[in-house]
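Here's the letter readout for the chains.
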Amino acid sequence: MKQREVVIIGAGPGGLCAAQKLLEGGAKVCLIDRNASLGGQLIKQTHKFFGSEKQYASKRGIDIMEILISSLTQYGDQLEIMTETSVVGMYSDKVIACVKKDKFFKIQAQSIILATGASEKSIPFENNDLPGVYAAGAVQTLMNEYGVKPGDNVLMVGSGNIGLIVSYQLMQAGINVKALVEAAPSISGYLVHASKIRRLGVDILTNTSVKRAIGSEQVKQVEIWDLDPTWQGIEGSERILDVDTICISVGLAPLTELLQQLGAEVRYIKELGGNVPVIDKRYETTVKGVYACGDVVGIEEASSAMVEGKITGLNALEDLGYDIRASRLEMKALHEELKFLRDGPHAAKVRAGYLKRGMLT
Amino acid sequence: MRIKEHPILNFKAKDQVSFSFNGKTLYGVKGDTIASALHANGVKKLSESIHLKRPRGFYCAIGNCASCNMVVDGKPNTRTCITPLEEGMVVENQHGKGRV
């Protein structure tokens, strides 16, 4: 069995920032990701970030990714990168079972940071499993990472930031967005994103949802209908749109399966996206020496994931016996930064989630 | 189905990669996953539901949902949305749970 000092699972914004702090402090890091390249979901984020300057506000996600990855290259052998590697098992004694291509192997870690992120949710409607019904983020990957169009005419479902941003990016790729439907009475993402697509002529239909997708082998059309105040479809309000793609953008669910295998306690907190690990202020889970950061801890923005990554990196360093006294001020500033990012009306849900967690930072 | 012009991204012409899909020769480009190459060729149906045999395409594109599982070089349950396309790969629709 391989022995490693720190293993980070997931090389998105959280995992990369955790790695950076650990490497700076002198630890040997093993970074695992199931994708072929590092960066997680930053690779497709062609939009400019909001948030704070310290977390690269006004830079595009794809450029932030380059900055984070290039900051790691100076560490040579101190950093071991395992891409195309899936973690398939985790044990409470910090043994990690992995599969790379067809090879199975195990790693004994002294410390673990889980930065597994989240997966996109779906909603129930007739034929929601037809090819052509895709998660909005998945379509963003297909377009922005691989340069492939998902289709010609799209219905976007959900008006959160992902739905709004991906609608705009679909249009940047030359794809027609027929409409955006939102079941709630109002737009849930930033109005600046909503205004952008409205100006380009996309109808944003609130109190509206999908009744069914139409097609046998793939989506040919979609039937939408109005919802009453109790979110029930109103008979007679149905209309059909000619689309070949339905993008679902209805929220994300933290990927906590590995944490649960390991025996870390999780708790259902709706505001944070579902089952989330029980953590303390140091972002340590209920299993000693196992930390979590980013969307797996609770659904937020990539900016928060980066800050949490740094926090967990520093705390894991301390556990491993490195002297982090020089980073006390930095740690304090990082917690301040999180507080700043979780301020304002759009972070109300996150704050409510952290209140339930007993951790109003 | 490939994006040719984009205001932010630059999709340069890349080397072609040939592979077979259900016995037919198709072409993707370097950097493609199996699923993105198939989609660029207009192939949306990647798998089938196990019992009702309903067609399935990709859904999550992060290797999580299993909707894109196919038989690749004889190996079933390959997550084609995160598996890089390689020259000469033999890709087939999977029927049922797959057997090793």
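Residues numbered from 1 in each chain as written. Chains lettered and ligands numbered in written order. Predicted model: local features only at pLDDT ≥ 70, side-chain atom pairs only at ≥ 80, totals over all residues.

1. Structural notes on the packing of helix 7 (residues 302-319) of chain A against helix 8 (residues 328-341) of chain A
All names here are of chain A.
Line of reasoning, step 1. The interhelical angle for the contact between helix 7 and helix 8, taken along N-to-C directions, is 155 degrees, at an axis separation of 10 Å. Classified by the angle their axes make, helix 7 and helix 8 are roughly antiparallel. As for the relative orientation of helix 7 and helix 8, their crossing is left-handed in sense. Within the contact between the two elements, helix 7 uses Ser303, Ser304, Val307, Lys310, Ile311 and Leu314 and helix 8 uses Met331, Leu334, Glu337, Leu338 and Leu341.
Line of reasoning, step 2. Of the residues assigned to the contact of helix 7 with helix 8, the class counts are seven nonpolar, two polar and two charged. (Axes fitted to C-alpha atoms, helices over the stretch in contact; angles between N-to-C directions. Helix = DSSP H or I, 4+ residues; strand = E, 2+ residues; numbered from the N terminus. Parallel < 35°, antiparallel > 145°, perpendicular 65-115°, else oblique. Left-handed = near helix turned anticlockwise from the far one by under 90°. Contact = placed C-beta atoms within 7 Å. Nonpolar A, V, L, I, M, F, W, Y, C, P; charged D, E, K, R; others polar.)

2. Focus on the interface of chain B and chain A
Line of reasoning, step 1. Contacts between the two partners involve 31 residues from chain B and, on the opposite side, 26 residues from chain A.
Line of reasoning, step 2. Going through the elements one at a time, helix 1 (34-40) and strand 4 (55-56) of chain B are the ones with two or more residues in the side of chain B that touches chain A.
Line of reasoning, step 3. No other element matches the three residues that helix 1 of chain B contributes to the side of chain B that touches chain A.
Line of reasoning, step 4. For the side of chain B that touches chain A, the residue count by class is 16 nonpolar, eight polar and seven charged.

3. A look at the pairing of strand 6 (residues 75-79) of chain B
Taken residue by residue, a regular strand's side chains alternate between the two faces of the sheet.
All names here are of chain B.
Line of reasoning, step 1. Note: strand 5 (residues 69-72) against strand 6, three bridges, orientation antiparallel. Looking across to strand 6, one finds that Asn69 is bridged to Arg79.
Line of reasoning, step 2. Where strand 5 folds back onto strand 6 in an antiparallel hairpin, the turn is made up of two residues, including Asp73, whose phi is positive at roughly 50 degrees. (Pairing = 2+ DSSP bridges.)

4. Considering the environment of A:Gly233
Line of reasoning, step 1. By the element assignment, A:Gly233 lies in the loop between strand 13 (221-226) and strand 14 (239-241).
Line of reasoning, step 2. With 116 residues separating them along the chain, A:Gly233 and A:Lys349 place their C-alpha atoms 26 Å apart.

5. Regarding the domain arrangement of chain A
Residue and element names in this part refer to chain A.
Line of reasoning, step 1. By domain assignment, chain A separates into domain 1 (2-119 + 252-356) and domain 2 (123-248).
Line of reasoning, step 2. Computed from C-alpha atoms alone, the centre-to-centre distance between domain 1 and domain 2 is 31 Å.
Line of reasoning, step 3. In this assembly, six residues from domain 1 lie in contact with eight residues from domain 2.
Line of reasoning, step 4. Class assignment for the residues of the side of domain 1 that touches domain 2 results in one nonpolar, four polar and one charged. (Domains from an automatic or database assignment.)

6. Points about the sheet that holds strand 10 (residues 176-181) of chain A
All names here are of chain A.
Line of reasoning, step 1. What the five strands build is an open sheet, ordered 8-15-9-10-11; its pairing is parallel. Because the sheet does not close on itself, it has two edges, and the strands there are strand 8 (133-135) and strand 11 (203-205). Taking each pair of neighbouring strands and ignoring which way they run, the sheet shows an average axis angle of 25 degrees.
Line of reasoning, step 2. Where strand 10 meets strand 11, three bridges bridge the pair, whose relative direction is parallel.

7. Quick look at the sheet that holds strand 13 of chain A
All names here are of chain A.
Line of reasoning, step 1. The antiparallel open sheet is built from three strands, whose spatial order is 12-13-14. Looking at which strands have only one partner, the edges of the open sheet turn out to be strand 12 (208-214) and strand 14. Averaged over all adjacent pairs, the angle separating strand axes in this sheet is 30 degrees, with direction ignored.
Line of reasoning, step 2. As paired elements, strand 12 and strand 13 share six bridges and run antiparallel to each other. By the bridge assignment for strand 13, Arg212 is matched with Glu223.

8. Quick word on the nonpolar core
Line of reasoning, step 1. A:Val6, A:Ile8, A:Ile113, A:Leu114 and A:Cys293 are the most contacted members of the largest nonpolar core, which has 60 residues in total.
Line of reasoning, step 2. With eight residues, the top contributor of residues to this core is helix 7 of chain A.
Line of reasoning, step 3. In this view, A:Leu114 contacts A:Ile9, A:Gly10, A:Leu258, A:Leu259, A:Val290, A:Ala292 and A:Val296; residues no more than four positions away in its chain are not counted.
Line of reasoning, step 4. Listed in part, the 58 residues of the second largest apolar core include A:Ala135, A:Leu142, B:Ala35 and B:Val91. (Core = buried A, V, L, I, M, F, W, Y, C linked by C-beta atoms within 7 Å. Buried ≥ 20, exposed ≤ 12 C-beta atoms within 10 Å, placed from the backbone.)

9. A few points about the confidence of the model for chain B
Line of reasoning, step 1. Confidence in the prediction of chain B, expressed as mean pLDDT, is 95, and 100% of residues score 70 or more.
Line of reasoning, step 2. Across the assembled chains, the prediction reports ipTM 0.96 with pTM 0.95. (pLDDT = per-residue confidence, 0-100.)

10. Remarks on the environment of A:Gln261
Residues and elements named next belong to chain A.
Line of reasoning, step 1. Along the chain, the position of Gln261 falls in helix 6 (residues 257-262).
Line of reasoning, step 2. On the basis of neighbour counts, which here come to 15 C-beta atoms within 10 Å, the residue Gln261 falls in the partly exposed class.
Line of reasoning, step 3. It is 6.6 Å that separates the C-alpha atoms of Gln261 and Tyr91, two residues lying 170 residues apart in sequence.
Line of reasoning, step 4. Ignoring anything within four residues of it in the chain, the contact list for Gln261 reads Gly89 and Met90.

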